[in-house]
Amino acid sequence: MLCAASPQYTRDGQVLNRRHATGLVSTNAVASLAATHALAKDFVEALWNAPIPFQFGERYYDGMLYMMSLLHCSGQYCIWKL
């Protein structure tokens, strides 16, 4: 079963679906925080503009990466000492 969020191509390279998994967009945004290239900001912008994962195949894994990446990129990710 293919996830609806994954990009899909035909054997000859034609694009059927350009959408990327939200988990991929999210982790790219977090990784770009360490980059100094001017394009790094575009990856964070892609995270802010990404839709909230809601489909069955993406709610758990992609949703968790999305949530944690939003916390990290917004500066709200912290360790709670008990």
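Engineer: Help me understand the environment of V44 in this model?
Structural biologist: Following the sequence through the fold, V44 ends up in helix α2 (residues 40-49). Sequence spacing of V44 and S69 is 25 residues, and the spatial spacing of their C-alpha atoms is 9.6 Å. If we ignore the near neighbours within four places in the chain, the residues touching V44 are A29, S32 and L33.

Engineer: How should I be thinking about the packing of helix α1 (residues 22-32) against α2 in this particular structure?
Structural biologist: Each pair of packed helices can be described by the angle between their axes along with the distance between the axes. Between α1 and α2, the least distance of the axes is 8 Å, while the angle of their chain directions is 140°. Taken together, the axes of α1 and α2 lie oblique to each other. Handedness of the crossing formed by α1 with α2: left-handed. Contacts between α1 and α2 involve V25, S26, N28, A29 and S32 from the former and A40, F43, V44, A46 and L47 from the latter.

Engineer: I would appreciate a short explanation of α1 in the present structure.
Structural biologist: Note: α-helices contain 3.6 residues per turn, so residues at a spacing of three or four share the same orientation. When α1 is considered as a whole, its buried residues turn out to be T22, G23, V25, S26, A29 and S32. In this structure, the buried side of α1 is in contact with α2 and α3 (61-74).

Engineer: What is the right way to read the side chain of S26 from this model?
Structural biologist: Along the polypeptide, S26 turns up in helix α1. Only 2.7 Å separates the side chain of S26 from the backbone oxygen of T22, close enough to count as a polar contact.

Engineer: Would you explain the nonpolar core in this entry?
Structural biologist: Note on soluble globular proteins: their nonpolar side chains tend to be buried together. Counting 7 residues, the largest nonpolar core is built from V25, A29, V44, L47, A50, Y66 and C73. Put simply, the parts of the chain that give this core at least two residues each are α1, α2 and α3. In contact with A29, not counting residues within four places along its chain, are F43, V44, L47 and C73.

Conventions and cut-offs
- Residues numbered from 1 in each chain as written.
- Predicted model: local features only at pLDDT ≥ 70, side-chain atom pairs only at ≥ 80, totals over all residues.
- Heavy atoms only, no water.
- Helix = DSSP H or I, 4+ residues; strand = E, 2+ residues; numbered from the N terminus.
- Contact = heavy atoms within 4.5 Å.
- Axes fitted to C-alpha atoms, helices over the stretch in contact; angles between N-to-C directions.
- Parallel < 35°, antiparallel > 145°, perpendicular 65-115°, else oblique.
- Left-handed = near helix turned anticlockwise from the far one by under 90°.
- Buried < 20%, exposed > 50% of the residue type's maximum accessible area, 1.4 Å probe, protein only.
- Polar contact = N/O pair within 3.5 Å; in protein donor to acceptor, adjacent residues only side chain to side chain.
- Core = buried A, V, L, I, M, F, W, Y, C linked by side-chain atoms within 4.5 Å.

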